[in-house]
Amino acid sequence: MRPTPRLLHAVASATQRQNSVSFIGLGRMGSEMAYNLFSRTLVESNGAARFVVCDAREATSQAFVNNFVAQFPGAHVQVATTPAEALLASRTVITMLPSSPHVRNVYVEEEGIVPALRSLPPDVAQSTLCIDSTTLDVDVARTVAAEVQKTGAAVVDAPVSGGVAGAKAATLSFLVGGPEHAYKLARPYLLHMGKNIIYCGESGAGLVAKICNNLILGVQQIVVAEAMLLGQKLGLNPAILASVINSSTGACWSSSVNNPVPSALPGKSPPCERDYEGGFATSLMLKDMGLATHLAESTGIPLPLGHAAEKIYADVVSEDPELANKDFSSVYRYLRVSAYPKPL
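Here the structure is a predicted model, which means the values were calculated and not measured. (Residues numbered from 1 in each chain as written. Predicted model: local features only at pLDDT ≥ 70, side-chain atom pairs only at ≥ 80, totals over all residues. Heavy atoms only, no water.)

A. Up close: the nonpolar core. Ile 113, Val 148 and Met 228 are the most contacted members of the largest nonpolar core, which has 63 residues in total. Sorting elements by how many residues they give to this core places helix H12 (residues 205-233) first, with eight residues. Ignoring anything within four residues of it in the chain, the contact list for Val 148 reads Tyr 107, Val 114, Leu 117, Cys 130, Ala 153, Ala 154 and Val 155. In terms of nonpolar packing, the next biggest core, distinct from the first, is built from 37 residues, Ala 34, Ala 75, Ile 131 and Ile 197 among them. (Core = buried A, V, L, I, M, F, W, Y, C linked by side-chain atoms within 4.5 Å. Buried < 20%, exposed > 50% of the residue type's maximum accessible area, 1.4 Å probe, protein only. Helix = DSSP H or I, 4+ residues; strand = E, 2+ residues; numbered from the N terminus. Contact = heavy atoms within 4.5 Å.)

B. Looking closely at the packing of H12 against helix H13 (residues 238-246). In the contact formed by H12 and H13, the axes pass within 10 Å of each other and the chain directions differ by 130°. Overall, the two elements H12 and H13 adopt an arrangement that is oblique. At the point where H12 passes H13, the crossing takes the right-handed sense. For the pair H12 and H13, contact is made by Ala 227, Met 228, Gly 231 and Gln 232 and by Pro 238, Leu 241, Ala 242 and Ile 245, respectively. Its residues placed into classes, the contact of H12 with H13 shows six nonpolar, two polar and no charged. (Axes fitted to C-alpha atoms, helices over the stretch in contact; angles between N-to-C directions. Parallel < 35°, antiparallel > 145°, perpendicular 65-115°, else oblique. Left-handed = near helix turned anticlockwise from the far one by under 90°. Nonpolar A, V, L, I, M, F, W, Y, C, P; charged D, E, K, R; others polar.)

C. Seen up close, the pairing of strand S4 (residues 92-95). Every second residue of S4 is oriented toward a common face, with Thr 92 and Ile 94 on one face and Val 93 and Thr 95 on the other, all of them buried. Pairing analysis gives four bridges linking strand S1 (residues 20-24) to S4, with the strands arranged parallel. Note that in S4 the partner of Val 21 across the bridge is Thr 92. (Pairing = 2+ DSSP bridges.)

D. Summary view of the environment of Ile 197. Tracing the chain through its elements places Ile 197 in strand S9 (residues 194-201). Put simply, Ile 197 and Glu 273 are 76 residues apart on the chain and 30 Å apart in space, counted from C-alpha to C-alpha.

E. Representation of the packing of aromatic side chains. Applying the stated criterion across every chain, the model contains 11 aromatic pairs. Here Phe 38 and Phe 51 contribute two aromatic rings whose centre-to-centre distance is 4.4 Å and whose plane-to-plane angle is 20°, an arrangement assigned as stacked. Residue Phe 38 is found in helix H3 (residues 28-44), and its partner Phe 51 is found in strand S2 (residues 50-54); the two are separated by 13 residues along the sequence. Phe 51 shares its class with Phe 38; the two are buried. Here Tyr 313 and Phe 328 contribute two aromatic rings whose centre-to-centre distance is 6.5 Å and whose plane-to-plane angle is 55°, an arrangement assigned as tilted. Within this pair, whereas Tyr 313 is found in helix H16 (residues 304-319), its partner Phe 328 is found in the loop between H16 and helix H17 (331-337), the two being separated by 15 residues in sequence. Each of the two residues, Tyr 313 as well as Phe 328, counts as buried. Here a set of aromatic residues connected by ring pairs shows up, and it is made of Tyr 35, Phe 38, Phe 51, Phe 64, Phe 68 and Phe 72. (Phe/Tyr/Trp six-rings, centres within 6.5 Å; stacked < 30°, edge-to-face > 60°.)

F. Representation of the environment of Gly 201 within the structure. By secondary structure assignment, the location of Gly 201 is in strand S9. With 71 residues separating them in the primary sequence, Gly 201 and Cys 130 have C-alpha atoms 17 Å apart. When neighbours within four sequence positions are excluded, Gly 201 is seen to be in contact with Val 176, Gly 177 and Gly 178.

See the structure below:
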């Protein structure tokens, strides 16, 4: 790993490292998670804790720092320009990244977390905890975890369920995989960002649980959109139909919280009320459906609905690119304006 002035300074500040937490990846989910983690840790430490943020866009990191310090004057929050800097500055590092390639880049490439760990004295590396909340390929996660563990550091995969709303309210569910001792180290940090912390087993187990959950979610969101379209076509008021579904056997999160039809949930504000902004991106749901179908193919498990849903989300992204970064409930808008079904 090529040293930089920032890295050298971080190593020189070893006494501060044990009281510092770094967060890498400040997207829709990560920024909310980092805010809750930092604010609660700051209060818990009586103002002594230090924080570091790192994002592919340095302007995003700086905007986060400016906002946080405005809310908590005197808080110590720095910007790292590489994952290595973030690791060298903090004993605990949380990553929340888009997908597998980003995790490989942040952890194992030059200026990444693993090379930085190798540069540390063994006892310092062994005191380090890495928490990755990315939803990614299970094999990639296990490979990266093994590389981290070779340095003596502890690592868990801790993907989340609950969406942007859960991240903002700190009510996320964390599905944790890794050695039990690493889970116990990670749990206090996760409780600052979520409500339900579930230990699923060894490395990769949290991701398997998350991928299975999102397989259900992705299929549900499509069929809720279909039912809402059908009901309206036959004259039902969307709020009445949603009320029926949400109090009957069709009840699910995709209808009761993330209903895709404006005005269907009076008093609530799902992404559809904001032109599908601010939720879980359709492109990310497509990624998760792909992770599920890939796992199914490698294990011989049939996923007829999973494959059909994956194709629908792929069509949404390719045929209406504007929806790629909008909440995946925008599949409703796509179905409404498209002549579905098409041959699968």
